[in-house]
Amino acid sequence: MSFNYIGLIKAAVLNGTPLLFGTSGEILTEKSGNLNLGVEGLMFMGGAFGLCGAFVYDNIAGDSAVGFIAVAIAFICAFLAGVLGSLIFSFLTVTLRANQNVTGLALTIFGTGVGQFVGELMRLKVGGNVSVSNSLKSAFSGAVFPKAMQKIPVLGEILFSYNFFVYIGVVIVVLMWWFMNHTRKGLYLRAVGESPSTADAAGINVTRCRYIATCLGGGISALGGMVHTMTIAGCVWNHNALAGEGWVAVALVIFCLWRPLNAIWGSILFGGLLILYLRLPLAFLPTQIYKIVPYIATAVVLVIVSMRRRREDQPPESLGLNYFREER
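Residues numbered from 1 in each chain as written. Predicted model: local features only at pLDDT ≥ 70, side-chain atom pairs only at ≥ 80, totals over all residues. Heavy atoms only, no water.

A word on the overall build of the chain
If you tally the helices and strands in the chain, you get 14 helices and 0 strands. Starting at the N terminus, the α and β elements of the chain follow one another as α-α-α-α-α-α-α-α-α-α-α-α-α-α. In terms of overall dimensions, the chain is globule-like: its C-alpha atoms have a radius of gyration of 20 Å, near the 20 Å expected for 328 residues. Expressed along its principal axes, the backbone C-alpha trace of the chain runs to roughly 60 × 50 × 40 Å. Residues classed as buried in the chain amount to 48% of the 328 residues present. (Helix = DSSP H or I, 4+ residues; strand = E, 2+ residues; numbered from the N terminus. Rg over C-alpha atoms; globule rule 2.2 N^0.38 Å. Buried < 20%, exposed > 50% of the residue type's maximum accessible area, 1.4 Å probe, protein only.)

Let's talk about the packing of aromatic side chains
The way to describe two aromatic rings as a pair is by their centre distance and the angle between their planes. A full pass over the atoms with the stated rule returns 8 aromatic pairs. Each ring, one from Phe140 and one from Phe165, has its centre 6.2 Å from the other, and the planes form 15 degrees; the classification is stacked. Taken as a pair, Phe140 in helix α5 (residues 134–141) and Phe165 in helix α8 (residues 164–182) lie far apart in primary sequence, 25 residues in all. Looking at Phe140, the relative accessible area reads 0%, which means it is buried. Relative to Trp265, the ring of Phe255 has its centre 5.7 Å away and its plane inclined at 65 degrees; by these criteria the two rings are edge-to-face. Linking Phe255 in helix α12 (residues 245–255) with Trp265 in helix α13 (residues 262–279), this pair joins segments that are 10 residues apart in sequence. The buried category is assigned to Phe255, whose relative accessible area is 10%. Three or more aromatic residues joined by ring pairs form one cluster here, namely Phe145, Phe160, Tyr162 and Tyr167. (Phe/Tyr/Trp six-rings, centres within 6.5 Å; stacked < 30°, edge-to-face > 60°.)

Regarding the packing of helix α3 (residues 67–95) against α5
Two elements in contact, α3 and α5, have axes separated by 9 Å at closest approach and are oriented at 65 degrees. In terms of orientation, α3 lies roughly perpendicular with respect to α5. Of the two elements, α3 crosses α5, and the hand of that crossing is right-handed. Together, Gly67, Ala70, Val71 and Ala74 of α3 and Leu136, Ala139 and Phe140 of α5 make up the contact between the two elements. Partitioned by chemical class, the residues of the contact of α3 with α5 number 6 nonpolar, 1 polar and no charged. (Axes fitted to C-alpha atoms, helices over the stretch in contact; angles between N-to-C directions. Parallel < 35°, antiparallel > 145°, perpendicular 65-115°, else oblique. Left-handed = near helix turned anticlockwise from the far one by under 90°. Contact = heavy atoms within 4.5 Å. Nonpolar A, V, L, I, M, F, W, Y, C, P; charged D, E, K, R; others polar.)

Structural notes on the environment of Ala48
Inspection of the secondary structure assignment puts Ala48 in helix α2 (residues 39–61). Residue classification places Ala48 among the buried residues on the basis of a relative accessible area of 0%. C-alpha separation for the pair Ala48 and Met149, spaced 101 residues apart in sequence, amounts to 34 Å. Not counting the four nearest positions on each side in its chain, Ala48 is found in contact with Gly115, Val118, Met122 and Trp237.

A word on the state of the cysteines
Applying the stated criterion to the full structure yields 0 disulfides. Note on Cys77: no disulfide assigned, nearest cysteine sulfur contributed by Cys52 at a separation of 7.1 Å. The class of Cys77 is partly exposed, set by a relative accessible area of 27%. (Disulfide = S-S within 2.5 Å.)

Overview of α8
Across its 19 residues, α8 extends 27 Å between first and last C-alpha, which sits within 8% of the 27 Å expected from 1.5 Å per residue. Among the residues of α8, Phe165, Val166, Gly169, Ile172, Val173, Met176 and Met180 are the ones counted as buried. Along the long axis of α8, the arc covered by the buried residues comes to 125 degrees, so they all point the same way. Tucked inside the fold, the buried residues of α8 contact α1 (5–31), α3, α5, α9 (184–194), α11 (206–232) and α13. (Expected span 1.5 Å × (residues − 1). Arc of directions from axis to C-beta.)

With respect to the nonpolar core
Side chains of a nonpolar character, in soluble globular proteins, are inclined to be buried together. Core analysis: the biggest nonpolar cluster contains 61 residues, and Phe21, Leu51, Val132, Phe140, Phe165, Met226 and Met230 have the highest contact counts within it. Element by element, the count of residues in this core is highest for α2, at 9 residues. Once residues lying within four places of it in the same chain are set aside, the contact partners of Met226 are Gly46, Gly47, Gly50, Ala74, Phe75, Ala78 and Phe165. Leu8, Ile275, Leu276 and Tyr290 belong to the second largest nonpolar core, which has 5 residues in total. (Core = buried A, V, L, I, M, F, W, Y, C linked by side-chain atoms within 4.5 Å.)

Structure below.
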């Protein structure tokens, strides 16, 4: 029996899309010097509030519900939830100068709890599983391009058979790369991440830069939770569906060496590794070994990067360090 490579690639892209959002958002955050380990919590919040927004709209509109509007509402709700969570993180770490590692872990606990509370509240309201109508499900998971393009041999299935979020994720990453490398504001952002005291001396508002980057990055990461819930999980709330996704995204940031464009192929690779045990089961290899392969790959890359000691492969120099202007 021949192995279905195209099916594996498609599954890897679909399962890697939530990671693409989570990773790109965290890259933007870390480029400013903030280390937000609360991506897991942000993705839980994004998944819960995104589904809640689409679910409420579906119940209000009924048979007249429009798929595009439901997608837009879920998108906005998830993004705002991520921005709110990141705003709390920014206030504690940038303004109050709390330890970033501890605050990030607290955000994970807080965001996971809020997401599960919202999901459970919706479940109790309806007395069962929380889901949107089938017509709206197709709006979230249906392919964007016409079937004629999808029928192109090989390339049609690999390039044109995905939902809206796959392509918008790629667009966000490309725009982020262009912003960081070809704009003055992007240069300011990287300067703040490398040496906030130097950036401050040059007239760059370090506090504002870190606030904006962290909040926008958190909003993008939260979109990953919404995408997972509304596509992979089938628009049905599941308390355990997102477990571990945020941590994989954090690991993927290291794997991608803090470069936005690397997040595209990195997320596809990790998406494939996460579901490889379903597509290519090996009797002699336990499932648990399959599931830790992404983390093993990250550890190997981290060791290689540390040995090479190339500056361009290292994290921002002030990553995880609060800025005290008085010590400049």
